[in-house]
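In case you want the letters, here they are:
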Amino acid sequence: MLDFIFLTKCITSSQFLIILCFLQITDSLLIHLPSLKPLIVSSSFEVMDQGVPGCTFSNWAQTFTCTPQLSFHPSSEAEIRKILEFTQSRNERVKVVGKGHSPSDIACTDGFLIYTDKFNRLLNVDRKMGQVMVEAGMTLEQLNNELPQHGLALANLGAVSDISMGGMIGTGTHGSGIRHGMLATQVVKVRLMTAAGQVLELSNDMDNDEERDMFHAVQLHLGALGVLLTITLQCVKAFRLEMVQTPGTLTQVVDDLHNYLQCWEFFRFFWFPHTNSVALLQVKSTDKKVHVKHSWFWDRLVGFYLLEFLLWLSSFLPILVPWINRLFFFLLFSTPRHSVERSDRVFHFDCLFHQHVQDWAVPLPYGKEVEREKYWKGYEAIMKSAGGRPHWAKAHSCNHKDIQQMFPELPRFLAIRQKLDPTGIFLNDYLQRTLIGPYDNMCAQ
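Looking at an unreviewed UniProt entry, one finds the protein chain named FAD-binding PCMH-type domain-containing protein, with Eptatretus burgeri as its source organism. Quoted verbatim from the Cofactor (unreviewed entry) field of UniProt, the annotation for the protein chain is "FAD".

Shown next as structure tokens:
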């Protein structure tokens, strides 16, 4: 399936946009016959001793918080199984969180919260097959630093590396380029622990319809199917990327978009509203030597601190927004730039300050809230009219009826969710609101 995704990020008060364009391919993958593991009986007192009460969770953007009854940091599958048994015995709900980078309430719960920060090992490297197996709590940044030591790399990455592998898959994280799919298309095998403590081993090497559906569901699990334990990824030979950043116009990009996408392996552009100016980032594989130039003055002092300060001012005086757009395009993007680096370092994009994000972001300069609801509502209306669908990693206002219309295969996903988690211990308000609807409808799903 070929999806043309327009990703926009607002990096000022409610009017400043940066529009990124991604062309994304989702490949069909197959799965392996699940194998089941026996349950382990645990002591409630032992599990309670591992849980920490009263700890407040906050996502990276600090836009959503919750205070679970107990927070856990397991380091083994046995500990995770005991936590799930304890959750069932208390008739509670449990959520799993990695780095908490999603700017929504997808990980929030008033039940139990499992952190995967201690479940983060690189388990195996198969150089012959070019595959690696990692625990789901390992971050993309950690993996990116490990892979070059084995002459490997991931073929495509998103902009953020400080995310867990399990969260990356669960929220549909994607990169750019018409030759690549979302990051989950690089997954060839997973191990998932269900609500009952059973471990399913799923892979893409069998063609059973039910198994294929289950594997595909796990590729975008939303934290609704179980606890992801391990992930095996297909890698490629380590490579470098050449990035050419040039100024351009929005008219130029729109008129010649097809050629940009065909000529460059990875392509995105930033548009600055109130102007016709865009910054084009054109990226392709290269054998050239590493060549990169960083400037603390331009990258941090101007590109971060001065920008944040001016955005804070614009929250009081919105009339400044067009001026800020023109100024920062001139200062940072009007001159061509060229670099060659290790692939993951080129893919990475600094998100700067804390932001509200709905595939565009309204920052909190110095913690000040800015009005955004009217702006978001207008943008969502445009996206819906164009047949758009929200990025699961970001905030959005779509309810379960909207999602049902956007995703025709949702009933199949919900059937798998019901099979793997019949009592709904992995549900939370976010999943209830977006996938299922009112609590009275849960049993019907």
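Here the narrative resumes, following the displayed structure.
S.K.: In this structure, what is going on with the overall build of the protein chain? I would like to understand it.
M.R.: Summing up its helical and strand segments, the protein chain has 14 helices and 21 strands in all. For the protein chain, with 445 residues in total, the buried portion stands at 55%. Of the contacts formed within the protein chain by residues at least 6 apart in sequence, a portion of 70% connects residues at least 24 apart. Taken as a whole, the protein chain presents about 20000 Å² of accessible surface, with 57% of it coming from carbon and sulfur.

S.K.: What is the right way to read the side chain of T194 from this model?
M.R.: Its location among the elements puts T194 in the loop between β12 (187-193) and β13 (199-203). On the basis of relative accessibility, which here comes to 3%, the residue T194 falls in the buried class. When sequence neighbours within four positions are dropped, the list of residues in contact with T194 reads L84, L200, L225, L420 and F426.

S.K.: Looking at this structure, how should I read the packing of helix α5 (residues 209-218) against helix α13 (residues 410-420)?
M.R.: Packed helix pairs are specified by the crossing angle of their axes together with the interaxial distance, meaning the distance between the axes. α13 packs onto α5 with a crossing angle of 90° between their chain directions and a minimal axis gap of 10 Å. As the angle between them shows, α5 and α13 are arranged roughly perpendicular. Seen from α5, the contacting residues are E210, D213, M214 and A217; seen from α13, they are R412, F413, I416, K419 and L420. Taken together, the residues of the contact of α5 with α13 break down into five nonpolar, no polar and four charged.

S.K.: Hey, could you run me through helix α8 (residues 296-314) in this one?
M.R.: Side chains of residues three or four places apart in an α-helix project in the same direction, reflecting 3.6 residues per turn. The sharpest bend along α8 comes to roughly 30°, located at V302. Looking only at α8, the buried set comprises V302, G303, F304, L307, E308, L310, L311 and S314.

S.K.: Looking at this structure, I do not really get the pairing of strand β18 (residues 277-286). What am I missing?
M.R.: Burial analysis of β18 places eight of its 10 residues in the buried class, the great majority of the element. As judged from the 10 bridges shared by strand β16 (residues 240-249) and β18, these two strands associate in the antiparallel manner. Note that in β18 the partner of M243 across the bridge is V283. Pairing analysis gives six bridges linking strand β17 (residues 266-271) to β18, with the strands arranged antiparallel. Paired with F267 across the bridge in β18 is Q282. Between β17 and β18, which pair antiparallel and follow one another directly, the connecting turn spans five residues, one of which, H274, has a positive phi of 75°.

S.K.: What exactly am I supposed to notice about a nonpolar patch on the surface here?
M.R.: A cluster of nonpolar side chains, contributed by W296, F297, W298, L301 and Y305, occupies part of the molecular surface with about 540 Å² of accessible area. Y305 sits in the partly exposed class, given a relative accessible area of 42%.

S.K.: Before we go on, may I ask you to explain the pattern of salt bridges in this structure?
M.R.: Pairs may arise between side chains of opposite charge once their charged atoms sit close together. A full pass over the atoms with the stated rule returns 14 salt bridges. D105 is the salt-bridge partner of R433, the closest N and O atoms lying 3.0 Å from each other. Of this pair, R433 sits in helix α14 (residues 429-436) while D105 sits in the loop between β7 (94-97) and β8 (112-115), and the two are 328 residues apart along the sequence. A salt bridge links E210 to K419; the nearest nitrogen and oxygen atoms lie 2.4 Å apart. Of this pair, E210 sits in helix α5 while K419 sits in helix α13, and the two are 209 residues apart along the sequence. Salt bridges linked by common partners bring E77, R191 and E201 together as one network.

S.K.: Explain the sheet that holds strand β6 (residues 70-72) to me, please; I cannot follow it from the model alone.
M.R.: Within a sheet, neighbouring strands are paired by backbone hydrogen bonds and run either parallel or antiparallel to one another. Spatially, four strands are ordered β3-β6-β8-β7 in an open sheet, and the strand pairing comes out mixed. Each of the sheet's edge strands pairs with one partner strand only, and the pair in question is β3 (52-53) and β7. Where helix α2 (residues 77-89) meets the sheet, its contacts fall on β6, β7 and β8, and the angle it forms with β8 comes to roughly 170°.

S.K.: Please explain the sheet that holds β17 as it appears in this structure.
M.R.: The strand order β17-β18-β16-β19 describes an open sheet built from four strands, whose pairing is antiparallel. At either margin of the open sheet sits one strand with a lone partner, and together these are β17 and β19 (337-342). Strand-to-strand, the axes of this sheet are offset by a mean angle of 20°, without reference to chain direction.

S.K.: So what exactly am I meant to see when it comes to the state of the cysteines here?
M.R.: Two cysteines form a disulfide when their sulfur atoms are joined by a covalent bond. Under the defined criterion, the tally for this structure stands at zero disulfides. C108 provides the cysteine sulfur closest to C66, a residue in no disulfide bond, and the two sulfurs are 4.0 Å apart.

S.K.: Would you explain the UniProt feature "transmembrane region" (unreviewed entry) in the protein chain in this entry?
M.R.: Mapped onto this numbering, the UniProt entry gives "transmembrane region" (unreviewed entry) at residues 220-239 and 309-333. As annotated, residues 220-239 comprises 0% helix and 50% strand, and the C-alpha atoms at either end are separated by 27 Å. Regarding residues 309-333, the helix share stands at 76% and the strand share at 0%, and the terminal C-alpha atoms are separated by 19 Å.

S.K.: How should I be thinking about the packing of aromatic side chains in this particular structure?
M.R.: Ring pairs (aromatic) are described by centroid distance and by the angle formed between their planes. Overall, the coordinates contain 14 aromatic pairs when judged by the stated rule. Pairing Y260 with F267 gives two aromatic rings, centres 5.0 Å apart and planes at 5°, and the pair type is stacked. Across the pair, exposure class does not vary: Y260 and F267 are buried alike. When the ring of F272 is compared with that of F329, the centres are 5.5 Å apart and the planes differ by 65°; the resulting orientation is edge-to-face.

S.K.: Is there a simple way to explain α5 in this structure?
M.R.: All of the buried residues in α5 are E211, R212, M214, F215, A217 and V218. In this structure, the buried residues of α5 make contact with α4 (165-170), β12, β13, β14 (227-234) and α13. The N-cap residue of α5 is N208: its side-chain oxygen and the backbone nitrogen of E210 are 3.0 Å apart.

What counts, and where the lines are drawn
- Residues numbered from 1 in each chain as written.
- Predicted model: local features only at pLDDT ≥ 70, side-chain atom pairs only at ≥ 80, totals over all residues.
- Heavy atoms only, no water.
- UniProt positions renumbered as here; feature names shortened; annotations may be inferred.
- Helix = DSSP H or I, 4+ residues; strand = E, 2+ residues; numbered from the N terminus.
- Buried < 20%, exposed > 50% of the residue type's maximum accessible area, 1.4 Å probe, protein only.
- Contact = heavy atoms within 4.5 Å.
- Areas by Shrake-Rupley, 256 points an atom, 1.4 Å probe, with all protein chains shown as cover.
- Axes fitted to C-alpha atoms, helices over the stretch in contact; angles between N-to-C directions.
- Parallel < 35°, antiparallel > 145°, perpendicular 65-115°, else oblique.
- Nonpolar A, V, L, I, M, F, W, Y, C, P; charged D, E, K, R; others polar.
- Bend = angle between axes of the 7 residues up to and from the residue.
- Pairing = 2+ DSSP bridges.
- Patch = residues over 30% accessible without salt bridge, like charges linked within 9 Å, V, L, I, M, F, W, Y side chains within 5 Å.
- Salt bridge = Lys/Arg side-chain N within 4 Å of Asp/Glu carboxyl O.
- Disulfide = S-S within 2.5 Å.
- Phe/Tyr/Trp six-rings, centres within 6.5 Å; stacked < 30°, edge-to-face > 60°.
- Polar contact = N/O pair within 3.5 Å; in protein donor to acceptor, adjacent residues only side chain to side chain.

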